[in-house]
Amino acid sequence: MATITVDGRQIEAPDGAPLLEVLRKHGFYVSSLCYIEGLPPYAGCRTCLVEIEGARGLQLSCTSRVQDGMTVRTSTEEVREARKAVMSIILANHSDRCLTCHRREHCHPGDICLRDDVITHRCVTCPKNYRCELQTTSEVVGMALYEPWEGEPRSFYAMEEHPPADQANPFLEFDPKMCILCTRCVRACDEIRHTGAITLSGRGFETRIAFGAGGPVHESNCDFCGACIDVCPTATLLEHPHKWVAKPERWVPTVCSYCSVGCTIKLGVKDGRGVIVRPDQVNPVSRDQICVRGRFHYDALKPREYLSRPQVRRGDLMAPVSWEEALEQAAAGLAEVVQRHGPDAVAFLVSPLSTNEEAYLAQKLARTVVGTNSIDFTAGAVARATAEAVRRAFGTEALPADLTQLERSNVVVAVGDDIEASHTVAALRIKDAVVRNQAALVVVSPRWNELCDFARVWLRPAPGHEAATVDALARALLADEGVRQRLAAAGVSGLDGAAPGAADVDGLDQAAALLREAAAGQATVSVVYAPSHVGAVAAGHTAAAAANLALAACGAEGAPRSLFILPTDVNVNGLRELGATPEYLPGFSPAGDAVAREALARAWGAPLAETPGLTAHQALAAAAEGRVKALVVVGDNPLMLAPQKAAARRALESLDLLVVIDAVRTDTAALAHVLLPDADTYAKGGTFTQADRRVLLRHPATRPVGEARPAFRILVDLAGALAAKLGRNVSFPYEGPKQVMEEIATILPHYARARYGLLAAGRGRQVLPEAGQEAAAAVQEVPRPASGGEGFALLTSRTLYTSLEAAAIHHREADKLHREEFAEVNVEDAAELGIQDGDQVVLSTPHGELAVPAKATDAVPRGVVFVPLLYDGGAVTALLGPEGTPETVPPVRLAVRSAV
């Protein structure tokens with residue numbers, strides 16, 4: 001540490017630290033319009049001038065480094081005048097009327113401008129008024145009436161024409177005339193996001209910021225993450241939605257719910273509605289970065305498109321009723337089913353977007369009031385298959401892997417259809433490893449995605465052959481006698497299992513050589529697998545292969561910390577840990593474990609069912625057969641995500657009672673007998689347990705629409721009403737989610753640090769359960785895939801731009817950029833079939849058919865067709881076979897219709 005003196009005050013700072021960052025940290029105002037913390041200084045704006053004793057002239061604090069004994073002065077007369085002079089140069093080529101106006105101190109906050117009725121560039125006509133860094137700097141530096149150019153022609157006002165503003169996309173606006181050429185956006189896009197969508201074009205006075213080749217923003221490779229907006233000091237780049245909201249009333253810390261990375265964000269709120277999003281650095285994985293979903297999908301639906309009143313079915317119509325009547329009808333119907341047909345005639349589906357507290361309440365309601373273990377979620381089969389594969393490998397599915405390792409890795413193996421789209425910030429950390437740590441990246445994916453451009457080796461197996469390819473890599477390492485001996489000495493079993501034949505994929509030997517070198521050199525290796533929402537059998541095999549590879553590359557001790565399974569949705573891990581799964585009670589105790597069951601019965605005051613319940617797909621099948629009579633759906637939507645869509649619809653229609661708790665009128669909600677309106681995702685508090693089992697706290701930010709209530713309150717009220725009708729002496733004495741977490745922490749000791757007080761203070765993180773972590777690891781046998789059969793291989797997975805809520809109600813603007821409304825076909829296949837972009841094609845399997853516009857692309861190989869999972873509310877699931885079988889994703893036949 002070094003001791004320096006700043007304006008007569010002694011402070012301590014790390015020796016060699018950037019002086020600008022140290023000054024800001026200790027409360028000294030030093031403007032800098034081009035500096036980005038964490039990146040090398042650009043030194044373009046020159047506004048961070050300070051006086052350093054012993055140095056010749058004034059110095060830039062962004063390029064200066066702390067030295068012991070340094071004396072710094074930040075506010076001398078010479079420094080102040082120099083900053084004004086520098087600012088005058090910047091303002092000479094900027095619309096500055098709002099920045100040098102002498103009346104600003106009298107007309108806050110945003111009164112009608114009285115200075116000049118012919119000047120159009122003034123503070124009240126700028127959408128970034130009161131949140132503009134250039135405006136703040138001008139005020140602090142004292143630019144009012146400081147016009148050294150008086151009497152000289154002004155370059156900004158002398159220009160006959162400025163480049164027009166680009167307002168043609170729904171997310172981001174770009175106004176070049178507001179630009180001061182600080183290049184923050186260029187460097188953020190290139191050095192932070194590794195995208196390079198923004199460049200400097202032209203020379204000299206003609207230098208401009210440009211997207212792509214200089215065309216519209218949406219024609220570039222911009223992915224609308226908004227990192228450029230966060231760093232832009234002016235109104236050059238800003239959000240399109242709610243851009244005229246100058247200042248939110250408050251900022252509320254919460255967590256993005258759109259993938260299992262669990263990026264922490266701050267939601268700006270005004271009049272009870274979210275109006276702007278910024279990253280919040282609580283999650284060390286996401287830090288100051290988010291993606292287009294986290295930044296803009298809060299605004300995917302308008303308030304009128306959310307459910308606002310409870311409804312009950314009256315014949316073919318849904319009638320709005322009071323909460324009392326809706327809860328009474330739901331409780332009475334459930335009680336009748338339980339009394340007439342028994343507890344096993346009732347099943348529950350809980351969305352993995354539900355909070356931990358909601359999931360815990362739902363399973364407690366199912367187990368203590370109804371008396372059933374039949375609780376699951378639609379994509380639970382995939383989560384179960386991957387979890388069980390990991391459990392077979394390491395004795396537990398709760399691995400101690402920390403996602404912050406990704407960017408520190410030397411070798412990364414990324415397995416998934418498109419991790420860039422499904423888990424964007426995890427993909428960003430992988431790119432960080434490649435760009436900043438010179439890591440070698442191996443991508444295993446049949447479909448091109450952005451990570452492929454960063455890969456040292458892209459292994460492109462046929463769809464369904466991913467597991468065989470990953471296992472072939474593992475077997476190549478396990479063929480080394482030294483690797484086998486080390487694993488055997490650590491007690492790893494399965495080393496002598498039958499090794500499948502080598503996968504027929506180009507680049508396999510090169511990838512194996514990279515991993516072999518890393519394993520021999522004690523390098524940090526990370527194996528990342530992101531399963532899709534469908535195809536549980538394939539997901540289980542791929543997870544097993546990934547575990548084998550982690551063991552072979554990292555050894556028995558390092559493998560559990562180097563294998564990253566990225567669940568399909570934000571709180572999949574939370575649902576499984578808290579018992580919203582038919583085979584496990586909270587804490588991963590098997591439902592048949594008498595000791596665990598008795599302990600919970602004492603804590604809850606009610607006996608529990610002894611046998612595991614039905615999975616989601618078993619429950620739907622049982623409903624079609626008449627064995628399940630009632631289904632309670634909490635935010636889930638089987639008609640979007642369940643394979644065999646037609647069969648799922650028939651199952652739901654055959655129920656005696658369907659109770660749906662949801663914020664929007666999904667296809668499943670449209671069939672409900674009782675529909676209870678949930679608050680939207682940002683109107684609810686609670687916690688999520690994200691991919692690496694970090695527990696994150698979210699605060700309620702917005703107001704529920706109309707009479708909607710948070711699912712937490714609905715479940716508590718429903719439990720009380722149903723318990724009274726069934727005569728159950730079970731208590732749900734919760735005033736809010738905080739009390740639920742207190743009970744969870746009491747029952748599950750590894751959630752003790754997830755209490756709200758610790759999480760709010762930034763000191764809480766779940767301590768993983770230790771049960772099973774001492775178990776010896778095992779290498780698993782991964783079966784070879786069967787032949788695909790006739791037709792095109794079908795791929796489907798989550799894409800980047802389509803809003804989940806909007807897709808659930810078939811909103812025509814679910815994909816506001818309209819990039820993900822096509823079936824992707826290889827260009828050569830398209831040429832052979834005579835398919836032009838936009839032509840309608842019909843995809844068919846024995847289970848159903850789908851008409852969709854086609855798009856020719858090299859992103860998919862020959863013989864493959866890709867359909868986005870959320871297109872038209874999950875329309876692709878009509879093509880899928882039974883979940884839990886190898887036929888879940890069958891080959892499809894493709895017929896061509898002429899363009900409309």
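The structure under discussion appears in the preceding block.
Counting from 1, residues in each chain are numbered in the order their sequence is written. Local features in this predicted model are restricted to residues whose pLDDT is 70 or higher, and side-chain atom pairs enter the listing and the counts only when it is 80 or higher, whereas totals over whole chains, interfaces and linings include all residues. The basis for every side-chain value is the complete set of non-hydrogen atoms in the structure, without hydrogens or water.

Student: Honestly, the overall build of the chain in this entry has me stumped. Any pointers?
Tutor: Here a strand is any run of E in DSSP of at least two residues, a helix any run of H or I of at least four, and the numbering for each starts at the N terminus. A count of helical and extended segments in the chain gives 28 helices and 34 strands. Viewed in the frame of its principal axes, the chain has a C-alpha envelope of about 90 × 70 × 65 Å. Each residue is assigned to one of three classes by its accessible area relative to the maximum for its type, calculated with a 1.4 Å probe on protein chains only: buried under 20%, partly exposed between the two thresholds, exposed over 50%. For the chain, buried positions account for 60% of its 900 residues. Note on areas: Shrake-Rupley, 1.4 Å probe, and residue coverage restricted to the protein chains presented here. A total of about 34300 Å² of accessible surface is found on the chain, and carbon and sulfur atoms cover 50% of it. Computed over 89 positive and 108 negative side-chain charges, the inter-centroid distance for the chain is 4 Å. In this tally, Asp and Glu contribute negative charge and Lys and Arg positive charge; neither His nor the terminal groups of the chain are included. Each charge is placed at NZ for Lys, CZ for Arg, CG for Asp and CD for Glu.

Student: Teacher, can you tell me more about the sheet that holds strand 11 (residues 264–270) here?
Tutor: As a general point, the strands of a sheet are linked pairwise by backbone hydrogen bonds and lie either parallel or antiparallel. When DSSP finds at least two bridges between two strands, those strands are taken to pair. The three strands lie next to each other as 10-11-12, forming an open sheet whose pairing is antiparallel. The open sheet has two edge strands, strand 10 (250–255) and strand 12 (273–279), and neither has a second partner. Going across the sheet, the axis of each strand differs from the next one's by a mean of 35 degrees, ignoring polarity. Relative to strand 11, strand 10 is paired through six bridges, and the arrangement is antiparallel. When the sheet's bridge partners are listed, Pro 253 is paired in strand 11 with Lys 266. Note on geometry: axes are lines fitted to C-alpha atoms, helical ones only across the stretch in contact, with angles between N-to-C directions running from 0 to 180 degrees.

Student: What should I look at first to understand the state of the cysteines in this one?
Tutor: Formally, a disulfide is one covalent bond, and it connects the sulfur atom of one cysteine to the sulfur atom of another. The term disulfide is used for any two cysteine sulfur atoms that are within 2.5 Å. This model, assessed by the stated rule, comprises zero disulfides. Free cysteine: Cys 291, not disulfide-bonded; nearest cysteine sulfur from Cys 256 at 5.9 Å. You can call Cys 291 buried: its relative accessible area is 11%.

Student: I keep staring at the side chain of Asp 418 and nothing clicks. Help me out?
Tutor: Relative to the helices and strands, Asp 418 resides in the loop between strand 17 (411–416) and helix 13 (419–422). We classify Asp 418 as buried; its relative accessible area is 13%. With sequence-adjacent residues up to four places away left out, Asp 418 is seen in contact with Arg 447 and Asn 449. Every residue pair with non-hydrogen atoms within 4.5 Å of one another is taken to be in contact.

Student: Mind showing me how you'd approach the layout of surface pockets here?
Tutor: Using a grid of 1 Å spacing that covers the protein atoms alone, one calls a set of points a cavity when a 1.4 Å probe fits there but cannot get out, and a pocket when the set is open and has protein on both sides within 12 Å along at least five of seven lines; lining residues are those with an atom within 4 Å of a point. Grid points are joined across faces, edges and corners, and a volume is the space filled by probe spheres set on the points. Here the second largest pocket is characterised by a volume of approximately 1100 Å³. Lining the second largest pocket are 33 residues, with Asp 230, Val 231, Arg 278, Gln 281 and Asp 288 sitting closest to its centre. When contributions to the lining of the second largest pocket are tallied by element, the ones reaching two or more residues are helix 5 (133–141), helix 7 (184–192), helix 8 (227–231), strand 12 and helix 14 (424–437). A per-element tally of the lining of the second largest pocket places helix 8 first, with four residues. Classes in brief: Ala, Val, Leu, Ile, Met, Phe, Trp, Tyr, Cys and Pro nonpolar; Asp, Glu, Lys and Arg charged; the others, Gly included, polar. Looking at the lining of the second largest pocket, its residues break down into 14 nonpolar, four polar and 15 charged.

Student: Looking at this model, I keep getting lost on the nonpolar core. Mind explaining?
Tutor: Grouped together as the largest cluster of nonpolar side chains are 68 residues, with contacts concentrated most on Leu 365, Leu 676, Leu 722 and Phe 732. It is helix 24 (residues 711–726) that contributes the most residues to this core, ten residues altogether. In contact with Phe 732, not counting residues within four places along its chain, are Leu 361, Lys 364, Leu 365, Thr 368, Val 369, Val 716 and Ala 719. Take the buried residues of types Ala, Val, Leu, Ile, Met, Phe, Trp, Tyr and Cys, join any two whose side-chain atoms come within 4.5 Å, and each joined set is a nonpolar core.

Student: Explain helix 25 (residues 737–747) here, please?
Tutor: In an α-helix, one turn spans 3.6 residues, which is why side chains three or four residues apart end up on the same side. When we look at burial in helix 25, the residues that qualify are Pro 737, Val 740, Met 741, Glu 743, Ile 744 and Ala 745. Those residues of helix 25 that are buried lie in contact with helix 11 (356–370), helix 20 (594–604), strand 27 (686–689), helix 24 and helix 26 (756–760).

Student: Even after reading the chapter, I still don't get the environment of Lys 738, so can you show me in this structure?
Tutor: Positionally, Lys 738 belongs in helix 25. Considered as a pair, Lys 738 and Tyr 756 are 18 residues apart in the sequence and their alpha carbons are 6.4 Å apart.

Student: What is the right way to read the sheet that holds strand 17 from this model?
Tutor: Reading across the sheet, the five strands line up as 19-18-17-20-21 and stay open at both edges, with parallel pairing between neighbours. In this open sheet, the two edge strands, each paired with only one partner strand, are strand 19 (457–459) and strand 21 (563–565). The sheet shows a mean angle of 15 degrees between the axes of neighbouring strands, taken without regard to direction. Here strand 18 (residues 440–444) runs beside strand 19; their pairing, made up of three bridges, is parallel. What sits directly across from Val 443, in strand 19, is Trp 458.

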